[in-house]
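# Notes for the structure review
Single-letter residue listing:
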Amino acid sequence: MSELTLDVQGLSTHFFTRAGVVKAVDDISFSVARGRVLGLVGESGSGKSVTGFSLIGLVDPPGRITTGKILFQGRDLTKLDERELRDLRGNRIAMIFQDPMMTLNPVLRIDTQMIETVMAHDNVSREVARQRSRDALGMVGIPSPEERLTSYPHQFSGGMRKRVAIAIALLHRPDLIIADEPTTALDVTIQAQILAEVQRLAREVGTALIWITHDLSVIAGLADDIAVMYAGRIVETGAVEEVLDRPLHPYTHGLIGSVPSRNARGSRLRQIPGMTPSLLNLPVGCAFRSRCPRADAACAADPPDSFPVEGRTLRCFHPQLEMVA
Amino acid sequence: MTTWMLRRLIQAVFVMLAMTVIVFIGVNVIGDPIEILISPEADQAERARAVAALGLDKPLWEQYWKFLLGALQGDLGRSFVFNEPALKLIAQRMPATLELALTAVLMSVVIGIPLGLYAGLKPSSLAGRTIMGVSILGFSLPSFWVGLMLIMVFAVQLGWLPSTGRGQTAELFGVQWSFLTANGLAHMVMPATNLALGNIALVLRLTRAGVRENLPMDYVKFARAKGISPSRVVFVHVLKNIMIPIVTVVGLEIGGLIAFAVVTESVFAWPGMGKLIIDSINVLDRPVIVAYLMMIVLLFIVINLIVDLLYTVLDPRVRLENKE
Ligand SMILES: Nc1ncnc2c1ncn2[C@@H]1O[C@H](COP(=O)(O)OP(=O)(O)OP(=O)(O)O)[C@@H](O)[C@H]1O
Ligand code: SF4
Ligand SMILES: [Mg+2]
């Protein structure tokens, strides 16, 4: 398994707030191979973004990584000091943030924000850095990139800002990109263009990708593997077709049922009843049990990781074995 | 941009006009200068002559009209006391006040911003908390008391620094300045520090608040995610954002410093405008009071204009709105 770009083992990130401990990420394990795309899905508040920030070592107090290993190309990132992490960030590991409105600095020009990223890691002239920035803007479909370089963020729409953030992530052709809801708020053609660009990068450079999203339909077309997150835990992983065709966890089952395209026209969208529990002082036991149709007394204990089929993991006492309706 | 400037100029003229009316009525209310200027033994005829010579026998509106006509020609009247043009008196004293106030501003920026950055970046460290604690003193201790303490310690006890006057001056652009000579600088240390204390505290707290507010923002996290150095994150990304409020406040404080210089100038016998105005108020030297207040208003207008221009340099969002 030397081809693994990222191998996360038992990672926990907790926030130690005044009100109590928020277990935003709790003992998760997953891996992404070189050139592969992992879709990380889950409802709002399930810990997807915190997972992303944990990987690049940018969890701010009161949060911190409490246990686990993050093996990136064999090196454990949790053991690196700030200086070593900084050499990797933006260079070998890039992250595209969720909120495009706030990620760019409002008072600095786009070229400043891009050139500094190039020059932070590569010993090149300003002119070369500028050219690379312009090319990256072109790659994500920003028209007349040369002129746009001298713009300020507020002169771009939300979608355009998102594209600038994606362009910044592509600058160093990283080995791992963590993309947090990267294409929401973009129109379909641009979305397709960016997906194509990312897939080309995966193919040519071997970039591994973690694609965080709510949108199962994007995952279905793009990802190789999928990890389903619920209340800070990964409840199910596997190859994307297998998981979507044959979900084992009741939560995954519910998620698929609530995707519009899966429902017959005219029929009501099936929502998973209930709400995501608060992650503050979460009691032991399966966090899904208050919403789960299959829950029973056994579910008051923590379901352990199980490996029901080759290449899949699952956390559930009573997996759903029949096919999706 | 030019229409914007034009609008600002017209506004300024109206503010100045309104100011003259208020000041004119104001100085009339505080008292009759004749009582002070003329010796008590003077007889009725002598008194009437003096009143006529100063133009105080005319109705107020006529005095005001005469003043306005003069002001249009750059003549703000003659001092009752010195019998010299009021403007000239003020112009003679202005450099002393300006250099004191600008030195104080420079100190508040050069000392306040680094300390504020430190306190903002390390809020729970001992040094960070000490800085914040001491800064409260900068606000709350009365200026004259601090001035007297400075004199007690550094002039009287230790004998390190001179405590009165401007010391030796040198000429630049036809004006005498203290900051050009070592002796003059030594004379400036205490009054400038005294004047700057409140502002150092203000800039420091403003900087710290800005850092605390900006650090958790997404753009900071994103800048860190790009792998740029921490110093670049602080000095380019964060500082440029917090400079916007700092420039505004510091700009407005320059006017305040010039006005507050009155206290410091009195304590350190610094021969600036502040001392002149105090003396003029004591003897109700109306033309000097009016001219001084006009100069201060003009100064505020000019400073506000400069601040607005700086604002457009610092904040690209303002720039765009102006173009439209
Ligand atoms: N600084 C913090 N202090 C306390 N709790 C936090 C903090 N940051 C995140 N959390 C908690 O961590 C949990 C996971 O948040 P996260 O942002 O990772 O969710 P998400 O899956 O990305 O959701 P979304 O789809 O809405 O982006 C949330 O319950 C949130 O309340
Ligand atoms: S462990 Fe129990 S409650 Fe949790 S998902 Fe499985 S069946 Fe439902
Ligand atoms: Mg998120």
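Before reading on, note that the structure itself is shown above.
Residues numbered from 1 in each chain as written. Chains lettered and ligands numbered in written order. Predicted model: local features only at pLDDT ≥ 70, side-chain atom pairs only at ≥ 80, totals over all residues. Heavy atoms only, no water.

It is worth spelling out the interface of chain A and chain B at this point. In this complex, chain A contributes 28 residues to the contact, which on the side of chain B involves 24 residues. Taking both sides of the interface into account, the surface hidden between chain A and chain B amounts to around 2,400 Å²; carbon and sulfur atoms contribute 61%. It is Arg86, Val107 and Glu116 of chain A that lose the most area in chain A upon contact with chain B, and together they represent 23% of the buried surface on that side. Counting across the chain A and chain B interface gives three salt bridges. Asp60 of chain A is the partner of Arg224 of chain B in a salt bridge, and the nearest nitrogen-oxygen pair spans 3.2 Å. Applying the counting criterion to the chain A and chain B interface returns 12 residue pairs in polar contact (both at pLDDT 80 or more). The set of elements that each furnish at least two residues to the side of chain A that touches chain B consists of helix 3 (100-103), helix 4 (110-121) and helix 7 (158-170) of chain A. Considering every element that reaches the side of chain A that touches chain B, the biggest residue donor is helix 4 of chain A, with six residues. Looking at side-chain class alone, the side of chain A that touches chain B contains 14 nonpolar, nine polar and five charged residues. (Contact = heavy atoms within 4.5 Å. Buried area = accessible area lost by both parts, 1.4 Å probe. Salt bridge = Lys/Arg side-chain N within 4 Å of Asp/Glu carboxyl O. Polar contact = N/O pair within 3.5 Å; in protein donor to acceptor, adjacent residues only side chain to side chain. Helix = DSSP H or I, 4+ residues; strand = E, 2+ residues; numbered from the N terminus. Nonpolar A, V, L, I, M, F, W, Y, C, P; charged D, E, K, R; others polar.)

Before going further, it helps to examine the side chain of Arg86 of chain A. Structurally, the position occupied by Arg86 of chain A is in helix 2 (residues 82-88). Despite its burial, Arg86 of chain A remains without a salt bridge, the nearest opposite charge being carried by Glu82 of chain A at 5.4 Å. Those residues within four positions of Arg86 of chain A in sequence are excluded, and the remaining contacts are His121 of chain A together with Gly227, Ile228, Ser229 and Pro230 of chain B. (Buried < 20%, exposed > 50% of the residue type's maximum accessible area, 1.4 Å probe, protein only. Lys, Arg positive; Asp, Glu negative; His and termini not counted.)

Residue and element names in this part refer to chain A. Using the criterion set out here, one finds 25 salt bridges over all chains in the structure. Where Glu236 meets Arg312, a salt bridge forms, and the shortest distance between an N and an O atom there is 2.5 Å. Separated by 76 residues along the polypeptide, Glu236 in strand 10 (residues 233-239) and Arg312 in the loop between helix 11 (250-257) and strand 11 (313-314) bring together distant segments of the chain. Of the two residues, Glu236 and Arg312, both sit in the buried class.

Distances from the magnesium ion (ligand 3) to its protein donors, Ser49 of chain A (OG) and Gln98 of chain A (OE1), fall at 1.9 to 2.2 Å. Of this pair, Ser49 of chain A sits in helix 1 (residues 48-55) while Gln98 of chain A sits in the loop between strand 6 (93-96) and helix 3; the two residues are 49 residues apart in sequence, bridging distant segments of the chain. (Donors = N, O, S within 2.8 Å, 3.2 Å for Na, K, Ca; no water.)

Another point: the site of ligand 1. All names here are of chain A. In the neighbourhood of ligand 1, 15 residues make up the surrounding shell, with Ser44, Gly45, Lys48, Ser49 and Gln98 lying closest. In the model, an oxygen atom of ligand 1 is placed 2.5 Å from a nitrogen or oxygen of the Ser44 side chain. The contact in question runs from an oxygen atom of ligand 1 to an N or O atom on the backbone of Ser46, over 3.2 Å. Protein coverage of the free-state accessible area of ligand 1, which is 640 Å², stands at 67%. For the shell around ligand 1, the elements supplying multiple residues, two or more each, are strand 1 (4-17), strand 2 (20-33) and helix 1. Per element, the largest residue contribution to the shell around ligand 1 is three residues, and it comes from helix 1. Here the residues of the shell around ligand 1 are counted per class, giving five nonpolar, eight polar and two charged. (Near = heavy atom within 4 Å. Areas by Shrake-Rupley, 256 points an atom, 1.4 Å probe, with all protein chains shown as cover.)

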